[in-house]
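The chain contents come next:
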Amino acid sequence: MSVSLLERLKVALADHYEIERELGTGGMGTVFLARDVTLERSVAIKMLRPELATAVAAERFVREARILAKLSHPNVVPIHDAGEVDGLFYYVMDCIQGETLDERLERGPLQEDDVVRLGRDLLAALEAAHGTGVIHRDVKPSNVFLVEGRALLGDFGVAKPVEEGQKGLTTPGRQPGTPDYMAPEQIGGQVTPRTDLYAVGMVLFEAATGKRWSVLKRTDDADWTGVPGRLARVLQRALAWSPEERWEDAPTFRRALLQKAGRRGRAATLRNRVIAGAIAIAVVAAGYIALRLLPPQPLVVERDLAVLPVEIRGGLSEQWDGADLARLVTTTLESAPDVSIVNPAESFAWWDSAVSTAGPPAVEQAASRLRARYAARATLAAEGDSLNLRLDVFDRRGRPLPGLQRASFGMVGLLEVSDSISLRLLQTLLGQDLPEVARLTSDVDAAIQFLYGEKAFERGAWLPAFEYYEAAVALDSSFALAWWHLANAWRWLAQKGPYPYDFRHVFEQYAADLGSVDSMLMAAQLTQAGEERFLKYRQASERDPLNYFAAYLLGEEMFNRGALWGRPLEDAVDVLETVVELNPLWASAHVHLIWANIRLGDDSAAAAAFDRLPEIAADPKEGWMYPPELLYQAFHERFDPQVAAQRREELFADSTFGSSEELSWQGRLGGAFDLPFAQVEFGAELVESAAGPFRAAGHMTRGLGYAASGRAAALADFDSAAAIFDNDEARLVAAQMRVLPHALGIPLGSAEERSRGRQALESLVASDAAGARAAWALAMDAYASDDAASARRWARHATEDAALTQLLQAMEEASGGRYDDALALSEPLLAIQGTAIPLRGTPTPSPPLSDAFLRAALHLKRGEWYVALGDTVAAEREWLWYEAVDIDGLPTVELPLPGEIDWALGNYGRYLRGRSELQRGEFDAACRHLGRAAEVWSGSDPEFAELLQEARRGAASACGNGE
C-alpha cells in the first residue's frame, strides 16, 4: 500500500508541525497548511515534489530557501525553517492570510493610490533582493500577495545571483520565468536587475488598467487609457525596450513613483485654484489637534537586535540605571560592522508603555513588536562580592536562543559589565566571527556624561548636549565619539564665533577609533561644500542604510545646499523621510521636513511632520533654534492666512517671541519658508516697535518681502535702512536693489528708480568698502543694456575682487554669443558659493562670494546661457538655486546675506523653471511653479503685469493638461 505525500510529510515533521492539508501545487513544489506545535500558529510548508527531486532541482529549491532566509524584509514572504527529512526537501514560511494580486485583479483594476502603494512595496522588496545580489526573474501578479494593506513578493524559485557566471542551474535553451511577464532581454536569455524592474512595470500597468502589457509593444505604441498621466510617465520609463533607458535601480524607480504621487495633491489643488480664479490657498483646519490627526506612515525596517532596559536587582539599583546601561550596550554595538540596532528610545518606550499598562510584558514579544530579528533582556544582581549576569535572547517568533548566557564577575564597573553584555550579544548575532570591539572610553563618568549628551542630542537640546559632551572629553580626551558629537552640537547651536576646538585635529587624532561610517561623515564635514561633500555623505549613508544619523547629515546637506548644485528640494524630502522612518524621535529631521514641505506647498505632508514634534522637541532655552510655535506660525502663514494673522498679533505681544531680536531673525527667515507676505508683516512690526539697528532690520525684512512679491516699495525700505546704518555698505545694497534685478530680467521699480540707482553706484565706485562691488553692478547693468564698451570700462574697477571679475569675464563671452565659453568661465564660481561649516579646521570658500547678489546673478545668467545652447534641463537645474537654505547663522541686524537675496529674487527663477517645464510637457511641475509664481506676484506693481499674465496663462494651461 503506497503512502501519500501528505502522510509522508506528517510523519517526517511530526515533532514540530501538524500537517493539516494541501494548499496547492506549482511547477516545482507543493504547499501544505500546517500548525507550528511550539508556537501554536499556522504556517505554510513548501516541499519539493519528490518526482522532480533531481540534483539540479534540489539545489534550486535549497537555494530558494537560502535566498528567502537572507531576505529578511517586510515585503518578502518570510521563511522560518528549512531542511531535508526522509528524502523530502522543505522549508517553512508564514501562512499568508490574504489573496494574490492575480486574484484581486479578477474584480477589476486598482485605484491610482493603490497602484502606487503596490509599486512601492514591490520595489522595496526588489531593492532588498538586488542588494543581496539576487534577481527574482518571475515577478508577476500570482507571485504577489496582498496582506493587510501591503504587498509581499514570493516565489524566488527561479531567482538568480547577479554574478552567477557560468555556474548556472538553467538548462541551455530554456529561460526560467513566465513568458507573459518577461522583459525583452530575458526572452533572449539575458537578465539584470533592470529585468525585474521591467516586470514591475508590467505588473503595475496591469494593476492600473486590468490589461496585460504586451512585450511586443513599444511604450509609444501602447494604449495608456486608464493610466493617469503622472503614473504613465513613470511606467513608460520602466517599460523601455532597452534596459539602459529604464530606471537605474529599484530605489530610483520607487522615488519617482512616490514623488509623482506625493505631488499630485498639490498640483490638483493648484489646478483647481487657477482654473477657478481663486487666490487663497486651501484652508487647513485650525488648531494643533487637526495636525495630529495626520500621523506619518513609517516604513517598516527590520533591525538585527532590540536591547531592552537592563533589570538591576538589589543594592545596585541605587547606583546604576538599567536604561543607561542598555544605552551604553547599544552604543557599543552600533560601532560594530554589519549589526543594526533598534533605536533605544523606541525599545524603551515600548517597554515602559507595556509595563505601565499591564505590568512587565513578556520579553518573548519584544522582537516581533519592535521589528527586530532578536530582542535581548539582561538581568544583573549583586550577591556578596560578585555580580551575576543573566542574558535572555529571543527571536521574533518568541523562541529563546539555545544556551542562556550567564556570567559572574567580581565587583567590576559599569563598563566591564557593558562590554560583557555587548560581546555576548555580538557572539549571538555573528557567531564566532566577532569584530574587534573597541571600548568607547575607559572612564565611567565620561561614559555617563556621554549618554546624557546622547539623550539631549536626539531631541535637539543642543546646549545641554554640548555641555555633556564637553564634560565627557574633559574626563577622557581620547573619547572619539564624544568629540564627534560635540562638534555637531556646536554647529547646530548656531553660535557666533568659531568652534572652540580644532576639528581637523580631532579628526586626524581620533577618527580611526570610530566606526567606518562616523569616520566618513567626519571626513565629509572637512570637505568644502559641493559635489564632493554630497558624494561623501551619500557613501556613508549607503555604507549603513539603517544609520539615521548618516542619512540625516545627507538630508540636511541637501536641504541647505542641494539646490545650489541642481538638486531639487523634493530630493531632500525623500532623504529626510527616510530619517524619520529610521528614528521617529530625531527632532531635527521633523523640523526640516516641516520647513521643506511648507516651502513646497504640501500642507498634508507638513502637518504629518508636525505630528510628534511638540512631544520630542527641546525647549528653546536648551539651544533649540526652531520652537514648534514658530514653525506652526509659518505653517499657517502659508496655508491659512486668516488664522496666521490672528496668531501673529499674539506672537508680537509675547515676551519671548516678540522681542526685537527674536522678531528680526524670524522675519528675516520668512524668505527661507517662501513667505514674502509674512516678511512684510514682521518687518512692519519691527519698523513700528523697534529702534536703531533693529528698526533698520525691520526695513530690510519688509523690503525683502516686497522685492519677492514684485513691489517697488522695497526700495524705500532699503533707503530707510541705509539711512539708519549710515555707511557705504548699506547704501550699496539700496543702490544694487534698484539696478541688479533689472539687469537679471526682473522689473523691480521704474526706469527712473533704475537711473537713480546707477547714479548712487557711480558715486560709490571710489569707496574703499564698496567700490569694486558698485563697479561690478554697473558692469552687469551695462551688459544687460547691450553696452559692452561701458561694461568693460566698469569691469576695470572691479578687478580687485576675483569672483566678480570672473563672472564679468563670462558675461563678456556671452555678449559675443560664446555661451559655452561663458559657462566654462563661470563654472569655478559654483565651487565657492556654499557657506562653510562653522568648525575650526574646515575649509572656507576661497575666494568667497563677496557680494550678496552674486549667487543669484550666477545662476540666472548660467540658466540663460544654457537656454541659448538649447539645454533647457540644465537651465532648470540652475534656476532652482533659490530653494537652498544656505545662510551663515541667523540674521538679525546684518545687511542681507546671499541666501536672503536669493529668496527675494527667486520667484523669477521659479517662473523661468515653470515656463521651461511647460514647454517640455512637464505639466505637474509647471502647474506647481507657475501657479506659485503668479500667487506671489498677485499684488505686484504694473511693471510686473506681463510676467504675471504669462505666469497665470501658463499655470492654467499646465494645470489643465496635468490630468
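Computed from a prediction, not measured in an experiment: that's the story for all the values here.

Definitions and cut-offs
Along each chain, residues carry numbers from 1 onward, in the same order as the chain's sequence is written. Owing to the predicted nature of the model, reporting of local features is limited to residues with pLDDT of at least 70; listing and counting of side-chain atom pairs is limited to 80 or more, with chain, interface and lining totals taken over all residues. Note: side-chain values were computed over all heavy atoms of the structure, leaving out hydrogens and water. Axis definition: a line fit to C-alpha positions, over the contact stretch in the case of helices; interaxial angles, taken between N-to-C directions, run 0 to 180 degrees. The helix and strand labels rest on DSSP assignments: H or I over at least four residues marks a helix, E over at least two residues marks a strand, and numbering proceeds from the N terminus. Throughout, the term roughly parallel applies to angles under 35 degrees, roughly antiparallel to angles over 145, roughly perpendicular to angles from 65 to 115, and oblique to all others. Take the far helix as the reference: if the near one is turned anticlockwise from it by less than a right angle, the crossing is left-handed, and if turned clockwise, right-handed. By the convention used here, residues are in contact when the closest approach between their heavy atoms is within 4.5 Å. Ten residue types, Ala, Val, Leu, Ile, Met, Phe, Trp, Tyr, Cys and Pro, are classed as nonpolar, four, Asp, Glu, Lys and Arg, as charged, and the remainder, Gly among them, as polar. Any cysteine sulfur atom paired with another within 2.5 Å is treated as part of a disulfide. Three exposure classes are used, based on accessible area relative to the maximum for each residue type with a 1.4 Å probe and protein chains only: buried under 20%, partly exposed in between, and exposed over 50%. Whether two strands pair comes down to DSSP finding at least two bridges between them. A helix is expected to span 1.5 Å multiplied by its residue count minus one. What qualifies as a polar contact is a pair of N or O atoms within 3.5 Å, subject to a donor-acceptor requirement within protein and to the restriction that residues adjacent in sequence count only when both atoms come from side chains. We define a salt bridge as a contact between a side-chain nitrogen of Lys or Arg and a carboxyl oxygen of Asp or Glu at a distance within 4 Å. Using only the protein atoms, space was sampled on a 1 Å grid; points where a 1.4 Å probe fits but cannot get out form cavities, open sets with protein on both sides within 12 Å along at least five of seven lines form pockets, and lining residues are those with an atom within 4 Å of a point. Grid points are joined across faces, edges and corners, and a volume is the space filled by probe spheres set on the points. Values of pLDDT, the confidence the predictor places in each residue, fall between 0 and 100. Two rings from Phe, Tyr or Trp (for Trp, the six-membered ring) form a pair when their centres are within 6.5 Å of each other. A pair whose planes differ by under 30 degrees is stacked, one over 60 is edge-to-face, and the rest are tilted.

1. Points about the packing of helix α31 (residues 728-743) against helix α33 (residues 771-784)
(1) Moving on: With their axes 9 Å apart at the nearest point, α31 and α33 run at an angle of 15° to one another. Comparing their axes, α33 and α31 come out roughly parallel. Viewed along their axes, α31 and α33 form a crossing whose handedness is left-handed. Contacts between α31 and α33 involve Glu729, Leu732, Gln736, Val739, Leu740 and Ala743 from the first element and Arg773, Ala774, Trp776, Ala777, Met780, Asp781 and Ala784 from the second.
(2) Moving on: When grouped by side-chain class, the residues that make up the contact of α31 with α33 number nine nonpolar, one polar and three charged.

2. Some remarks on the state of the cysteines
(1) Moving on: Throughout the structure, instances matching the rule amount to one disulfide.
(2) Moving on: Residue pairing for Cys927: its cysteine sulfur links by disulfide to Cys959, the two sulfurs lying 2.0 Å apart. Between Cys927 and Cys959 the sulfur-sulfur dihedral comes to about 95°; the bridge is accordingly right-handed. Here Cys927, found in helix α40 (residues 923-936), pairs with Cys959, found in helix α41 (residues 945-961); they are 32 residues apart in sequence, far enough to count as distant. When sorted by exposure, Cys927 lands in the same class as Cys959, which is buried.

3. Some thoughts on the pairing of strand β14 (residues 386-395)
(1) Moving on: Within β14, seven of the 10 residues are buried, leaving the element largely enclosed by the surrounding structure.
(2) Moving on: Pairing geometry for strand β13 (residues 372-383) and β14, over 10 bridges, is antiparallel. The partner of Ala376 across the bridge, within β14, is Val393.
(3) Moving on: The turn joining β13 and β14, which pair antiparallel and follow one another in sequence, is formed by two residues; a positive phi near 65° is taken by Gly384.

4. Brief notes about helix α20 (residues 548-561)
Since the α-helix advances by 3.6 residues per turn, residues separated by three or four positions end up pointing in the same direction.
(1) Moving on: With 14 residues, α20 should cover 20 Å at 1.5 Å per step; its first-to-last C-alpha distance of 20 Å lies within 8% of that length.
(2) Moving on: Burial analysis of α20 places 13 of its 14 residues in the buried class, which makes it a mostly covered element.

5. Points about the environment of Ala672
(1) Moving on: Within the secondary structure, Ala672 is located in the loop between α27 (660-668) and α28 (676-689).
(2) Moving on: Using a relative accessible area of 0% as the deciding quantity, one classes Ala672 as buried.
(3) Moving on: Through-space distance from the C-alpha of Ala672 to that of Gly899 is 8.1 Å; in sequence the pair is 227 residues apart.
(4) Moving on: In contact with Ala672, not counting residues within four places along its chain, are Trp595, Arg599, Val885 and Trp903.

6. Section: helix α10 (residues 322-334)
(1) Moving on: The terminal C-alpha atoms of α10, which comprises 13 residues, lie 18 Å apart, in line with the 18 Å expected from a rise of 1.5 Å per residue.
(2) Moving on: Most of α10 is tucked away, with 11 of its 13 residues classed as buried.
(3) Moving on: The complete set of buried residues in α10 reads Gly322, Asp324, Leu325, Ala326, Arg327, Leu328, Val329, Thr330, Thr331, Thr332 and Leu333.
(4) Moving on: Its side-chain oxygen at 2.9 Å from the backbone nitrogen of Ala323, Asp321 defines the N-terminal cap of α10.

7. Looking at the packing of helix α29 (residues 692-708) against helix α39 (residues 898-920)
(1) Moving on: The interhelical angle for the contact between α29 and α39, taken along N-to-C directions, is 30°, at an axis separation of 7 Å. Relative to α39, the element α29 is oriented roughly parallel. Listed contacts from α39 to Leu704, Ala707 and Ala708 of α29 are Glu900, Ile901, Trp903, Ala904 and Asn907.
(2) Moving on: For the contact of α29 with α39, a count of residues per class yields six nonpolar, one polar and one charged.

8. A closer look at the pairing of strand β11 (residues 303-307)
(1) Moving on: With five of five residues buried, β11 lies mostly within the body of the structure.
(2) Moving on: Where β11 meets β13, four bridges bridge the pair, whose relative direction is parallel. Paired with Arg303 across the bridge in β13 is Ala372.

9. Observations regarding the sheet that holds strand β6 (residues 99-100)
As a general point, the strands of a sheet are linked pairwise by backbone hydrogen bonds and lie either parallel or antiparallel.
(1) Moving on: The strand order β6-β8-β9 describes an open sheet built from three strands, whose pairing is antiparallel. Strand pairing shows two members of the sheet lacking a second neighbour, β6 and β9 (150-153), which therefore form its edges.
(2) Moving on: Those strands touched by helix α4 (residues 112-131) are β8 (144-147) and β9, and its axis lies near 35° from that of β9.

10. Some words on unusual backbone geometry
(1) Moving on: Of note in the backbone geometry, Arg371 takes a positive phi value of approximately 55° without being a glycine.
(2) Moving on: Along the polypeptide, Arg371 turns up in the loop between α12 (366-369) and β13.
(3) Moving on: Notably, Asp786 is not glycine yet its phi reads approximately 60°, a positive angle.
(4) Moving on: When you line up the elements, Asp786 lands in the loop between α33 and α34 (788-795).

11. Remarks on the environment of Ser588
(1) Moving on: On the secondary structure map, Ser588 appears in helix α22 (residues 587-600).
(2) Moving on: Looking at Ser588, the relative accessible area reads 5%, which means it is buried.
(3) Moving on: Measuring from C-alpha to C-alpha, the distance between Ser588 and Met625 comes to 9.9 Å, with 37 residues separating the pair along the chain.
(4) Moving on: If we skip the residues at most four places from it in the chain, Ser588 touches Trp462, Tyr552 and Trp624.

12. Let's talk about the pattern of salt bridges
(1) Moving on: What the rule picks out here adds up to 52 salt bridges.
(2) Moving on: Measuring nitrogen to oxygen at the nearest pair gives 2.9 Å for the salt bridge that ties Arg399 to Asp395.
(3) Moving on: Under the relative-accessibility criterion, Arg399 is labelled partly exposed at 30%.
(4) Moving on: A salt bridge links Arg855 to Asp902, with the nearest nitrogen and oxygen atoms 2.8 Å apart. Here Arg855 is found in helix α37 (residues 854-868), whereas its partner Asp902 is found in helix α39, with 47 residues between them in sequence.
(5) Moving on: Where salt bridges share partners, they join Arg533, Glu557, Arg561, Arg855, Asp886 and Asp902 into one cluster.

13. What to know about empty space enclosed by the protein
(1) Moving on: Going through the model one piece at a time under the given rule, you end up with five cavities of 30 Å³ or more.
(2) Moving on: In this structure, the largest cavity occupies an estimated 220 Å³ of space.
(3) Moving on: Along the wall of the largest cavity there are 19 residues; nearest its centre are Leu630, Ala634, Gln666, Phe673 and Phe682.
(4) Moving on: Residue assignment for the lining of the largest cavity shows that the elements contributing at least two residues are α25 (628-639), α27 and α28.
(5) Moving on: Of the residues forming the lining of the largest cavity, the biggest block, five residues, is contributed by α25.
(6) Moving on: When its residues are assigned to classes, the lining of the largest cavity shows 13 nonpolar, five polar and one charged.
(7) Moving on: There is about 100 Å³ of room inside the second largest cavity.
(8) Moving on: Around the second largest cavity, the lining is made up of 15 residues, and of these Gly671, Asp674, Ala708, Trp903 and Arg910 lie nearest the centre.
(9) Moving on: Secondary structure elements with two or more residues in the lining of the second largest cavity: α28, α29 and α39.
(10) Moving on: If you tally residues by element for the lining of the second largest cavity, the top one is α39, at five residues.

14. Let's talk about the confidence of the model for the protein chain
Should the pLDDT be low somewhere, the predicted coordinates at that spot are not to be read in detail.
(1) Moving on: Looking at the protein chain as a whole, its pLDDT mean stands at 83, while 85% of the residues score no less than 70.
(2) Moving on: Predicted confidence is poor over residues 261-300, with pLDDT under 50, and the contacts of this stretch with residues over four places away or in other chains come to 77 contacts.
(3) Moving on: Segment residues 432-438 is flagged for pLDDT under 50; beyond a separation of four residues in sequence, or across chains, it makes 10 contacts in the model.

15. As for the packing of aromatic side chains
(1) Moving on: Under the criterion given, the structure shown has 37 aromatic pairs.
(2) Moving on: When the centroid spacing of 6.2 Å and the interplanar angle of 15° are considered together, the rings of Trp247 and Phe253 count as stacked. Exposure class is identical for Trp247 and Phe253. Each is buried.
(3) Moving on: Ring pairs connect the aromatic residues Phe450, Phe457, Trp462, Tyr469, Phe479, Trp484, Trp492, Phe503, Tyr548, Phe549, Tyr552 and Trp586, which therefore count as one cluster.

16. Thoughts on the side chain of Asn547
(1) Moving on: When you line up the elements, Asn547 lands in the loop between α19 (531-543) and α20.
(2) Moving on: Side-chain polar atoms of Asn547 contact the backbone nitrogen of Phe549, separated by 3.0 Å.
(3) Moving on: A polar contact of 3.0 Å, which involves the side chain of Asn547, links it to the backbone nitrogen of Ala550.
(4) Moving on: Apart from residues no more than four positions distant in its own chain, Asn547 is found in contact with Val517 and Leu582.

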